[in-house]
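Spelled out from the first residue to the last, the chains are:
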Amino acid sequence: MTIAVFGSINMDVTAYMLRLPEPGETLHGAEYKLGLGGKGANQAVAARKLGSDVRFICRLGSDDFAKPAARELSSHGVDLGLVATDAQGATGLAIINVGQNGENYISLIGGSNLRMDGSDVARGRAALEQAKVLLVQLEVPLDAALKAGAIVRAHGGIVILDPAPAPEKGLPVNVLGQVDIITPNEKETALLLGWQPVTPEDAFKAAKELRAKGVGTAIVKLGARGLAVAAPGAEAIIPPFKVTAIDTVAAGDSFNGGLAHALERGMPILEAARFAAACGALSTTKKGAAAAAPTRTEVEAFLASA
Ligand code: ADP
């Protein structure tokens, strides 16, 4: 049983500042960190750290950032067999400023991620055919991700779309019919439905509306306010876990990696969503993106004490 991920990989350069600079201002920061990021890589690492066998289909550039990105990916145990080097591209790069209260702004240069296409789907075909679960997000071209998804679905696998980052031009509602599970946060839900859920009850209503629009299972995430699930024969509001959050970067990615892992191991959807929520919550207690995802032992200990 495997999990396939078709998605982005970035290097994150994160500056930890006392406050965020204003336009035109130069400001000294406290320190910086160079780390693996990109929604595809974060979700691949999150599922791998939980113990899943992960096949990650992505593109690195041919610049100096490609090496540390590949090194960090393999340090987490993710196989590099389906990672391509794009001779004409630059490795995806996120320049992140974090202020003292955890607020951030991010400049993202997609680079080689934006050049993913049918050739990447062809390279990953065998892995896609064998995958029990496929994770896709919106940092690579959607048509390529959906092509990868079609192969997985044709072979009986489950496709989970994280519709993030929220696309500025909106999201065509017809994607809902092309995936099995969608996991929007409140803003992404607003793009799909035209209204933004605020309370857990709103999220529950939104999840049911998304199902009526054609997706099998909708999980609407409200960060620290919990989430709602609408699935065939199973619906629930899942309350949040209480943690002291210090860095919420990639909480959504830990959630989706956890969801894929739980479903791959055969957990029913509501139990899987709760497991995923524990992964998301735990990741906010550590700094970094991919590096902040919890291990299976950490999640089990956390669930046992919750
Ligand atoms: P996204 O990063 O996609 O916006 P969220 O911020 O909703 O996603 O985070 C994903 C999941 O991680 C949430 O649904 C929740 O389960 C968990 N999570 C995130 N932030 C917190 C928090 N401060 N406290 C508890 N759980 C959190």
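> Any chance you could explain the sheet that holds strand S13 (residues 234–238) here in plain terms?
Across a sheet, strands are paired by hydrogen bonds formed along the backbone, either parallel or antiparallel in direction. Taken together, the 9 strands give an open sheet; going across it, the order is S5-S4-S1-S8-S9-S10-S11-S12-S13, and neighbouring strands pair in mixed fashion. Only two strands of the sheet have a single neighbouring strand rather than two, namely strand S5 (83–85) and S13. Pairing between strand S10 (residues 181–182) and strand S11 (residues 217–221): 2 bridges, direction parallel. Paired with Ile-181 across the two strands is Thr-217, which belongs to S11. Lying on the sheet, helix H5 (residues 142–154) is in contact with strand S1 (2–6), strand S8 (131–136) and strand S9 (158–161); it crosses S8 at an angle near 165 degrees.

> What am I meant to see in the layout of surface pockets here?
Any empty space left between the atoms is revealed when a probe the size of a water molecule rolls over them. Of the pockets and cavities examined, the largest pocket occupies roughly 1300 Å³. Residue lining of the largest pocket: 46 residues in total, with Asn-185, Thr-248, Ala-250, Ala-251 and Gly-252 positioned closest to the centre. Taken together, the elements giving at least two residues each to the lining of the largest pocket come down to strand S2 (10–16), helix H1 (39–49), strand S6 (92–98), strand S7 (104–109), helix H6 (186–193), helix H8 (251–264) and helix H9 (269–283). For the lining of the largest pocket, the class distribution of residues is 24 nonpolar, 12 polar and 10 charged. Taken as a whole, the second largest pocket encloses approximately 460 Å³ of empty space.

> Teacher, can you tell me more about the nonpolar core here?
Nonpolar side chains tend to gather and get buried jointly when the protein is soluble and globular. Ranked by size, the top nonpolar core spans 51 residues in total, and within it Ile-9, Phe-56, Leu-73, Ile-219 and Leu-259 carry the most contacts. Of the residues forming this core, the biggest block, 10 residues, is contributed by H9. With residues up to four places along the chain from it excluded, the contact list for Leu-259 reads Ile-160, Ile-181, Thr-183, Ile-219, Ala-272, Ala-273 and Ala-276. Counting 39 residues, the second largest nonpolar core, distinct from the first, contains Val-121, Val-179, Leu-193 and Ala-203.

> Even after reading the chapter, I still don't get the site of the ligand, so can you show me in this structure?
Taken together, 16 residues lie near the ligand, and Asn-185, Lys-221, Gly-223, Phe-241 and Gly-252 sit nearest. Measuring from an oxygen atom of the ligand, one finds a side-chain N or O atom of Asn-185 at 2.9 Å. Within the side chain of Lys-221, a nitrogen or oxygen atom sits 3.2 Å from an oxygen atom of the ligand. Out of a free accessible area of 540 Å², the ligand has 84% covered by protein chains. The pocket occupied by the ligand, as judged from atoms lying within 2 Å of grid points, is the largest pocket. Those elements that place two or more of their residues in the shell around the ligand are H8 and H9. Residue classes in the shell around the ligand are distributed as 10 nonpolar, 5 polar and 1 charged.

Criteria and thresholds
- Residues numbered from 1 in each chain as written.
- Predicted model: local features only at pLDDT ≥ 70, side-chain atom pairs only at ≥ 80, totals over all residues.
- Heavy atoms only, no water.
- Pairing = 2+ DSSP bridges.
- Helix = DSSP H or I, 4+ residues; strand = E, 2+ residues; numbered from the N terminus.
- Contact = heavy atoms within 4.5 Å.
- Axes fitted to C-alpha atoms, helices over the stretch in contact; angles between N-to-C directions.
- 1 Å grid on protein atoms, 1.4 Å probe; cavity = no way out; pocket = protein on both sides within 12 Å on 5 of 7 lines; lining within 4 Å.
- Points joined across faces, edges and corners; volume = space filled by probe spheres on them.
- Nonpolar A, V, L, I, M, F, W, Y, C, P; charged D, E, K, R; others polar.
- Core = buried A, V, L, I, M, F, W, Y, C linked by side-chain atoms within 4.5 Å.
- Buried < 20%, exposed > 50% of the residue type's maximum accessible area, 1.4 Å probe, protein only.
- Near = heavy atom within 4 Å.
- Polar contact = N/O pair within 3.5 Å; in protein donor to acceptor, adjacent residues only side chain to side chain.
- Areas by Shrake-Rupley, 256 points an atom, 1.4 Å probe, with all protein chains shown as cover.
- Sits in = over half its atoms within 2 Å of the grid points.

Shape is all these values report; function is a separate question.
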